[in-house]
Amino acid sequence: MPTDEPAGYLGEAQKTLDKAKVKVGDRISIQTADNTFEGIVIPRAEIGADDKHIVLKLDSGYNVGIHVDNIQKLKKLKAGKKGQPELPAVARKIKKGVPWVSILSTGGTIASRVDYHTGAVNPALTADDLYTVVPELGDIANIRAEVLFSVFSENLQPSHWTTIAKQTAKHLEESEGVVIAHGTDTMGYTAAALSFALQNLPRPVILTGSQRSSDRPSTDAALNLTGAVIAASQAPFAEVVIAMHRLPDDTSISLHPGTQVRKCHTSRRDAFLTINADILGEVKDDKVHMLVDSAAYHHRDPKRELSLQPKFDSKVALIKTTPGMTGELIDSIIDREYHGIVLEGTGLGHAPETLMNAIERAQEEQIPVVMTSQCIWGRVQMRVYRTGVELVQQGVIPAEDMLAETAYVKLMWVLAQTRNLSEVRLRMLENLVGEITDCSKRSQYEEMTRQ
Amino acid sequence: MLEAQPIRRDDQAMTQIDYEKAGALIGIEVHQQLNTKTKLFCNCPTEIREDDPHFTFLRRLRPTQSELGEVDPAALFEFQKGRVHIYQNYDDSICLVEQDEEPPHLLDEEAVNHALEISLLMKSQPVDEIQVMRKLVIDGSNTTGFQRSVVVAFGGEIDVNGFKVPIQTIGVEEDAARKIQEKGTKTYWRLDRLGIPLIEVATAPVMKTPEQVQATALRIGQIFRVTGKVKRGLGTIRQDINVSVKGGAIIEIKGVQQLNLIGQVVQYEVQRQVELLKLRDELKNRGVRSGQIKQVVHDVSKLFQKSTSKVIKASLKRKEGVYALVLPGFAGLVGKEVQPGRRVGSEFADYAKFWGDVQGLFHTDELPNYGIIADEVNKLRRHLKAQDADAIIIVAASKSASTDALKAVALRAQQALKGIPAETRGPLADGTTRYSRPRPGAARMYPETDVAPITVTKKRLKRIRQGLPELPEEKLQKFHEEYHLSDELANIMIRSLRIDLFEDIIKKHPKLAVTAASTLETSWRNLEREEIKVDDIPEEQVLLLFDRLAEEKFAKEAIEDLLTWLAQHPTQTVDKAIQDLGLGVISKDELKSIIEQIVEANAVMVAERGDRAIGPLMGLVMKEVRGRADGKLVSELLRSAVKAQQQS
Ligand SMILES: [Zn+2]
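Summary of the structure given here. Since the structure is predicted, the reported quantities are computational estimates derived from the model, not experimental observations. (Residues numbered from 1 in each chain as written. Chains lettered and ligands numbered in written order. Predicted model: local features only at pLDDT ≥ 70, side-chain atom pairs only at ≥ 80, totals over all residues. Heavy atoms only, no water.)

## Side note on the nonpolar core
Nonpolar side chains tend toward joint burial in soluble globular proteins. Defined as follows: To define a nonpolar core, start from buried Ala, Val, Leu, Ile, Met, Phe, Trp, Tyr and Cys residues and group those joined through side-chain atoms within 4.5 Å. Burial classification: accessible surface area is computed with a 1.4 Å probe over protein chains only, and a residue below 20% of its type maximum counts as buried, one above 50% as exposed, and the rest as partly exposed. Contact between two residues is taken to exist if any of their heavy atoms lie within 4.5 Å; hydrogens are not considered.
Counting residues in each nonpolar core, the largest one holds 117 residues, and the members touching the most others are Leu107(B), Met122(B), Ile241(B), Leu327(B), Phe330(B) and Phe348(B). Contact partners of Leu327(B), with chain neighbours within four places excluded, come to Ile293(B), Phe348(B), Asp390(B), Ala391(B), Ile393(B), Val409(B) and Ala413(B).

Here is the structure:
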């Protein structure tokens, strides 16, 4: 824990600590007019904290912030321990007859442990760590763990999708399934990206994460992770899916199809919903239960040859049309030489007429424009009203019932293969991996919204 | 509920305990709900509900590991047994924060202000910056698995009848969910209480007798009450008590709700610890060593096939069994009483129930009994090769439950050789206590990163300091010196439930202070004894009553009659009461002439007895004018009328 810089301390607080040669993790005593405090210097929250207070963890376990102006005397009592504390050694047993599952981590801490001395939360990343923190995993599968990178999911780039896709392909050769631990913010985008990049899958690829951090006893992470590993090792399908809580209850894990899933709540455990499709199945009581017809998914087949196309063209923009919007925004995207635009239009797929000129210009410059709907549920239908008809006449590609985020990822993937406008149009309108459906069923909206 | 009440004492046990010799050291933590508009970390109301909940959800709590791989053993045990928690909710008064489905909002400023006010009253020093902590609590009472808790001030002291009790910390924390019931592996909780702010005051462990503890708790409660910022009523206040004796361990008794039970709990706990130390010494005398107590569980089902014991018959019918454990050298000691009605065997049974999911146990010190006959006990002893000096513990349940239970008993018996195991205990209705779980190690706390720290500025403290209420002893002095209440009446008044009303009255009518005090206490109690519901009278009518008294609309002798009338007509006014009872005050002149008539009529008596006639004459006059004239004035006028008669 101790580092050379007093972590998070700035300005006066930093000066005060530096003067006494005190580092985070050291035990010190501070005398004020009223009190003497003795405790360990703990890191200062970097966000929303001022530079006037030093935070001590007292022997009672409580933290207290002491204003630098009130410090009469500051004394270093004992230097903190260097380096990470050793983890207890866990004998890792490989169980015969238990399937192998790979867990690739990308930055979301699906498992972690707390350092109660300093309050630091350290991620559990190796297979050994995972067995220690979630011991049930050992009964379900032998784990092969790999850390791909450690990036907050909001900072992930299309190049990261490429890395994940390639590493997943590699692990699919050896393991019964691959689990990808991922931050929830952009998990839907990555699921769509992997769905396009990894076609003809022999085995399942399961993304999972947590809405309540894994250091707390009420975390959803452990159940999500075990659910994902059960699905990876036992599910009958060979699809890319997201495995997250189905309800606020710790009872069931949903298996959402990778191109038709969206994070629809900022904080609830059951934030992910399948949109415009049926939920594939659930993991309940340690078993996978399929909820769709067996004809509705690709079956697990270790002999099937994977088709890996992991490239994405990152010069694509996703724009939401709004009242009062003018063509400037789209013009500037064209000026910046973007290769494609996805519009999240209103209603059935409409955009204000103030955008017409800019959209026309995009067509002239061979930039595909794809129309989705900000309604989230439902299908774009651009032949009902005049605005829609005009947009189609100008070459705008109606994305059917594809989610805007999925259309965005798909356009990036298609553009990485061809820039030919008519070929792009054909591929965007073709259902490749379940991202477009033929018919919209009543239950797909009602079931999701009527909880 | 904060009124002083004598400690219910078990005189015999009380006189037996020499607290000085036992070296008892006791500290308390008093928690009371703050009366804030919203909960501590969300905007939900702080109300408890009894209507049917609208929906429930189910959760499991996972014991988290520290860096060193330590896990709270009791929490791990519950998790492995598949303990699930069902949380009951109301759509309109509980939000996603209580459900652990949304991060907490900011720390409630109102609660912080209340806590700072209480801190200043106890001369405690507020911290510069309040840091929100997570204190791990994995029994399900918090949906998160931790309780959010802050310290707002350190140090300070309170004066308890001249004895200074140091304060260690003053803090605020979230109240827990309410446990509704436990059914098998399911625990039902209601989330209405979760998140209500609690003020927590912890004293240093310096108290030595039950009386000191009870007085200290009363004193803390009084200080809470003078701020007017705590909730009142049963369930709003809870005390945790730490008790240790010389040579023992710290025992924490959590959640004593009745103030008048505290002294009793302390007394019984000290008694228990003293008895456990005696047990240890007796075991040593007998030469019992820890290694002799083995965690070996015997299946003795076949010895009890024909048993008439209901418990055993039921177990065998369920295809379970009867299991036994031998405790070498324990004969006669398992039946030893440690608290009234609780024996060493009860302590063993607590462990068996907690760790083994069994209903209870039998031990040979109490057998033959409960349908188990002497022949069965003899056979059991022979079968297990147990000596007369050994005790045998029996449970009737499934093999795994029995094994867990009896192993826990063996461990507890080993601890008996060391003395007093550190435990968290829960109070029973009579003041005795029951084992509830092992005492968790140093509280596992880490920062609540979802809530920003709060700076306590000098300006804020100044503002709070300016609005500080008076402490009870300051009031006592004021009542005594400024308002001329007797010591006794002033003392009663500062403990009165109607102190706020009293202060409202004397603010307007300082001269009526003594009358107000005796009305609100003596008259009130007299009328209550006659089952007149004086508490039903609206406060504003009581205030008005003193306005009218000050205006001399009636005489103070009529107060009880007026209160009675008002209690019977709670929607009516004092003016109506005065009218209805015919209490209009007679003028001085009228009074004078009434008195003169009576004196004249009794001229003979006046002539014979002189001044001694005043007493009987007073009675005659009062009979005529009661409630319509002031007694003092009557006596004055009567005196001069008698004098005039004598001179004529
Ligand atoms: Zn709430």
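Now that the structure has been shown, the text picks up again.
## Quick notes on the interface of chain A and chain B
Quick note on the threshold: By definition, the buried area sums, over both parts, the 1.4 Å-probe accessible area that each loses when the two are put together. By salt bridge we mean one thing: a side-chain nitrogen of Lys or Arg within 4 Å of a carboxyl oxygen of Asp or Glu. Here a polar contact is taken to be a pair of N or O atoms separated by no more than 3.5 Å, where protein atoms must pair a possible hydrogen donor with a possible acceptor and residues adjacent in sequence count only if both atoms sit in side chains. For helices the rule is a DSSP run of H or I covering at least 4 residues; for strands it is a run of E covering at least 2, with both sets numbered from the N terminus onward. Amino acids are sorted into nonpolar (Ala, Val, Leu, Ile, Met, Phe, Trp, Tyr, Cys and Pro), charged (Asp, Glu, Lys and Arg) and polar (every other residue, Gly among them). Criterion used throughout: strands pair if DSSP finds at least two bridges between them.
On the chain B side, the residues contacting the 50 residues of chain A number 47 residues. Of the roughly 3900 Å² buried where chain A meets chain B, counting both sides, 50% is carbon and sulfur surface. The interface formed by chain A and chain B holds eight salt bridges in total. Here Arg134(B) and Asp215(A) are joined by a salt bridge, their closest N and O atoms 3.0 Å apart. Our enumeration of links across chain A and chain B arrives at 25 residue pairs in polar contact (both at pLDDT 80 or more). When residues of the side of chain A that touches chain B are assigned to their parent elements, the largest contribution, five residues, is made by strand S4 (residues 63–67) of chain A. Tallied by class, residues from the side of chain A that touches chain B come to 18 nonpolar, 16 polar and 16 charged. Bridge count between S4(A) and strand S5 (residues 129–130) of chain B: two bridges; the pairing is antiparallel. Bridge assignment links Val64(A) to a residue of S5(B), and that residue is Ile130(B).

## Looking at the coordination of the zinc ion
What counts is decided by this rule: Coordination shells were defined by N, O and S atoms within 2.8 Å of each metal, extended to 3.2 Å for Na, K and Ca; water is absent from the atom set, which can make sites look incomplete. Under this scheme a four-donor centre is tetrahedral when all angles range from 85 to 135 degrees, a four-donor centre is square planar and a six-donor centre octahedral when opposite donors are above 155 degrees with the rest from 65 to 115, and any other centre is irregular.
The protein atoms that coordinate the zinc ion are Cys42(B) (SG), Cys44(B) (SG), Cys95(B) (SG) and Glu98(B) (OE), at distances of 2.1 to 2.3 Å. Taken together, the four donor atoms coordinating the zinc ion span angles of 91 to 119° at the metal, a pattern that classifies the geometry as tetrahedral.

## Some thoughts on the sheet that holds strand S23 (residues 397–398) of chain A
Across the sheet, which stays open at both edges, the four strands sit in the order S20-S21-S22-S23 (chain A) with parallel pairing between neighbours. Edge positions in the sheet fall to strand S20 (316–320) and S23 of chain A, since each of these pairs with one other strand and no more.

## Some points on the sheet that holds S5(B)
Strand pairing within a sheet occurs via backbone hydrogen bonds; the two strands may be parallel or antiparallel. In spatial order, the strands read S5(A)-S1(A)-S2(A)-S3(A)-S4(A)-S5(B)-S24(B); together these seven strands make up an open sheet with antiparallel pairing. Each edge of the open sheet is held by one strand with a lone partner, namely strand S5 (73–78) of chain A together with strand S24 (454–455) of chain B. Note that strand S1 (residues 27–31) of chain A and S5(A) share five bridges and pair antiparallel. Within the sheet, the bridge partner assigned to Ile28(A) lies in S5(A) and is Lys76(A).

## Describing a negative patch on the surface
Residues and elements named next belong to chain B. Note the following rule: Nonpolar side chains (Val, Leu, Ile, Met, Phe, Trp, Tyr) are joined into patches within 5 Å and like charges within 9 Å, using only residues with over 30% relative accessible area and no salt bridge. Computed with a 1.4 Å probe, the accessible areas rest on the Shrake-Rupley method; for each residue, only the protein chains presented here act as cover. Positive: Lys, Arg. Negative: Asp, Glu. His and the chain ends are not part of the count. Just so you know, the charge point we use is NZ for Lys, CZ for Arg, CG for Asp and CD for Glu.
Taken together, the side chains of Asp-500, Asp-504, Glu-539 and Glu-540 make up a negatively charged region of the molecular surface. When contributions to the negative patch are tallied by element, the ones reaching two or more residues are helix H14 (499–508) and helix H16 (539–550). Take Glu-540: it is sitting in helix H16.

## Considerations on the pairing of strand S20 (residues 391–397) of chain B
Residue and element names in this part refer to chain B. Burial runs high along S20: seven of the seven residues are buried. Of the two faces of S20, the one carrying Ala-391, Ile-393, Val-395 and Ala-397 and the one carrying Ile-392, Ile-394 and Ala-396 are both buried. Alignment of strand S16 (residues 321–327) against S20, held across seven bridges, turns out to be antiparallel. Paired with Leu-327 across the two strands is Ala-391, which belongs to S20. Both strand S19 (residues 362–363) and S20 contribute to a ladder of two bridges, which runs antiparallel. Within S20, the residue paired with Phe-362 across the bridge is Ile-394.

## Focus: the packing of helix H13 (residues 487–494) of chain B against helix H15 (residues 513–529) of chain B
Describing two packed helices takes the angle between their axes plus the distance from one axis to the other. Residues and elements named next belong to chain B. Under the convention used in this document: The axes are straight lines fitted to the C-alpha atoms, using for helices just the contacting stretch, and the angles between their N-to-C directions are given from 0 to 180°. Orientation is classified from the angle alone, with under 35 degrees giving roughly parallel, over 145 giving roughly antiparallel, 65 to 115 giving roughly perpendicular, and any other angle giving oblique. Helix crossings are classified by the rotation of the near helix relative to the far one: an anticlockwise turn of less than a right angle makes the crossing left-handed, while a clockwise turn makes it right-handed.
In the contact formed by H13 and H15, the axes pass within 10 Å of each other and the chain directions differ by 70°. Relative to H15, the element H13 lies roughly perpendicular. Of the two elements, H13 crosses H15, and the hand of that crossing is left-handed. Touching Leu-489, Ile-492 and Met-493 of H13 are Val-514, Ala-517, Ser-518, Leu-520, Glu-521 and Arg-525, all from H15. A per-class count over the contact of H13 with H15 returns six nonpolar, one polar and two charged.

## Concerning the environment of Leu303(B)
Residue and element names in this part refer to chain B. In this fold, Leu-303 is placed in the loop between strand S15 (298–299) and helix H7 (310–317). Residue classification places Leu-303 among the buried residues on the basis of a relative accessible area of 18%. Through-space distance from the C-alpha of Leu-303 to that of Ile-454 is 67 Å; in sequence the pair is 151 residues apart.

## Structural notes on the packing of aromatic side chains
Keep this limit in mind: Pairs were defined over the aromatic rings of Phe, Tyr and Trp, the Trp ring being its six-membered one, requiring ring centres within 6.5 Å. Orientation was assigned from the angle between planes: stacked under 30 degrees, edge-to-face over 60, tilted for the rest.
For the structure on display, the rule yields 14 aromatic pairs over all chains. Aromatic side chains Phe237(A) and Tyr297(A) sit 6.3 Å apart centroid to centroid with 80° between the ring planes, which places their arrangement in the edge-to-face category. With Phe237(A) in the loop between helix H6 (221–234) and strand S13 (240–245) and Tyr297(A) in the loop between strand S18 (287–290) and strand S19 (307–308), this residue pair connects regions lying 60 residues apart in the sequence. Consider the rings of Phe354(B) and Trp355(B), whose centres lie 5.0 Å apart with planes at 75°: the pair is edge-to-face. Accessibility expressed as a relative area gives 21% for Phe354(B), which makes it partly exposed. Cluster of aromatic residues (ring-pair linked, three or more members): Tyr351(B), Phe354(B), Trp355(B) and Tyr435(B).

As far as function goes, none of this settles anything; it's purely spatial.
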